[in-house]
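So you can see what is in the structure, the chains are spelled out below.
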Amino acid sequence: MALNAAAEKQAIIDLMQKTTVEVTPGGAAKVADFRDLLRLGCTVYVTFLPGSDFTDTVATVRRLKDEGFNPVPHFAARSIPSAKFLEENLASLQGETGVTEGLLIGGGVNTPVGEFGSSIEVLQTGLFEKYGILKMGLAGHPEGSPDISPDNCALAIKEKNDFAKQTDMSLYLATQFVFEAEPIFVWERNIRAAGNELPIHIGVPGLATIKTLMRHAAHCGVGASVRFLTRNPMNMVKLGLKDSFLGKYVNAPSSEPSELMRDLVKGIHNDPDCLIAQCHLYPLGGLKKSAAWMYQVQDGYFELNGKSFTVNS
């Protein structure tokens, strides 16, 4: 049965309620006080970029914790030199912050800097459990990965599900951002049929210019969604991105990803077994405006129109 307008609006609100956001240590340094942008208790991922110093991650996690948020540090397997290095940093992280959740990714480097080539190898050290991590996000790739073959992506999902049966940690899959919902649902059905039981957190692009979105999408290997975005300028209009694809408008701010959100809630409603549990908002155009939009949606201050919706000004 299709959702009526009231039920669809409530479904959007419900899906957005637990939405998480993220910040880099460099970006965090430019924020005077996160309490001016985010509501207390918000889960904030602290990204780890190749070549970064993990002490910057620890400092950012400690600051977010002190300001009343739930920080989640990123760990990048291919950027970890050794198990000894990981243990030292986990000990420091726990001693200073007491965090209980992390996000572990393979990491976007071609050659591992140390002994770990994949996230499953890091998980198998048992160090996260030893240092009090109770919940761990792991990468899922709905549109493939520039670093991993399709067969290895499928194998990684199986290995993560197998590991979930051996650990007391609660595991989930976290995806890169997407511009359209259909590839997400195709991927989710396929991995579920192959045995996936882990809940999924879907990446949603925040408010940004087309130029910014395309730059991040190319870097992250967001394949099918990029093709969707560029195959016809009318797709920009459908997404609420208006004329940003065209020359002088390339730096104009995009509208919110509202059509994507509507498609997500409809797809979840139509498949009761769907494992999509919540969203993660990538604030690619800046945390302030993406967070403001997120809270407008969470509070129901928006109106459905056509295939999209508009937040109240």
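What counts and how
- Note on numbering: residues in each chain are counted from 1, in written sequence order.
- Under the rules for a predicted model, residues below a pLDDT of 70 receive no local features and side-chain atom pairs below 80 are neither given nor counted, while totals for whole chains, interfaces and linings still include all residues.
- As a convention, hydrogens and water are excluded, and side-chain values are obtained from all of the structure's heavy atoms.
- At least two DSSP bridges between two strands are needed for those strands to be called paired.
- By the criteria applied, helices consist of DSSP H or I runs no shorter than four residues and strands consist of E runs no shorter than two, each listed in order from the N terminus.
- Lines are fitted to the C-alpha atoms to define the axes, a helix being fitted only along its stretch in contact, and any angle between axes, read from their N-to-C directions, falls within 0 to 180 degrees.
- What makes two residues a contact is simply this: any of their non-hydrogen atoms within 4.5 Å.
- Whenever Lys or Arg places a side-chain nitrogen within 4 Å of a carboxyl oxygen from Asp or Glu, that contact is recorded as a salt bridge.
- A helix is expected to reach a length of 1.5 Å times the quantity of its residues less one.
- Burial here depends on accessible area, computed with a 1.4 Å probe over protein chains only, as a share of the maximum for the residue type. Under 20% is buried, over 50% is exposed, and the range in between is partly exposed.
- Working definition: the arc comes from the directions between the helix axis and the C-beta atoms, pointing outward to the latter.
- With a 1 Å grid spanning the protein atoms alone, the term cavity applies to any set of points in which a 1.4 Å probe fits but cannot get out, the term pocket to an open set with protein on both sides within 12 Å along at least five of seven lines, and the term lining residue to any residue with an atom within 4 Å of a point.
- Grid points are joined across faces, edges and corners, and a volume is the space filled by probe spheres set on the points.

**Q** Go over the sheet that holds strand β6 (residues 170–177) with me, naming the residues and quoting the values.
**A** Taken together, eight strands build an open sheet; the order of strands is β1-β2-β3-β4-β5-β6-β7-β8 and the sheet is parallel. Whereas interior strands pair on both sides, the edge strands pair on one side only; in this sheet they are β1 (21–23) and β8 (276–282). Between one strand axis and the next, the sheet turns through 30 degrees on average, direction left out of account. Bridge count for strand β3 (residues 70–76) against strand β4 (residues 101–105) is three bridges, and the pairing is parallel. For Phe 75, the partnering residue across the bridge sits in β4 and is Leu 104. Contacts from helix α3 (residues 54–66) reach β1, β2 (43–46) and β3, with the element oriented near 165 degrees to β3. Running over the sheet, helix α12 (residues 258–270) touches β7 (200–205) and β8 and is turned about 160 degrees from β7.

**Q** Could you give an account of the pattern of salt bridges, naming the residues involved and the relevant values?
**A** For the structure shown, the criterion picks out 11 salt bridges. Within this structure, Glu 188, Arg 192 and Asp 271 form a network of salt bridges that share partners.

**Q** I'd love a proper account of helix α7 (residues 150–164), names of residues and values included.
**A** With 15 residues, α7 should cover 21 Å at 1.5 Å per step; its first-to-last C-alpha distance of 21 Å lies within 8% of that length. All of the buried residues along α7 are Cys 153, Ile 157, Lys 160, Asn 161 and Phe 163. All buried residues of α7 lie within an arc of 160 degrees about the axis, which places them on one face of the element. Lining the buried residues of α7 we find α5 (119–123), α6 (127–130), β5 (135–140), β6 and α8 (182–193).

**Q** Break down the layout of surface pockets for me, with residues and values.
**A** Taken as a whole, the second largest pocket encloses approximately 320 Å³ of empty space. Among the secondary structure elements, those contributing two or more residues to the lining of the second largest pocket are α7 and α8. Per element, the largest residue contribution to the lining of the second largest pocket is nine residues, and it comes from α7.

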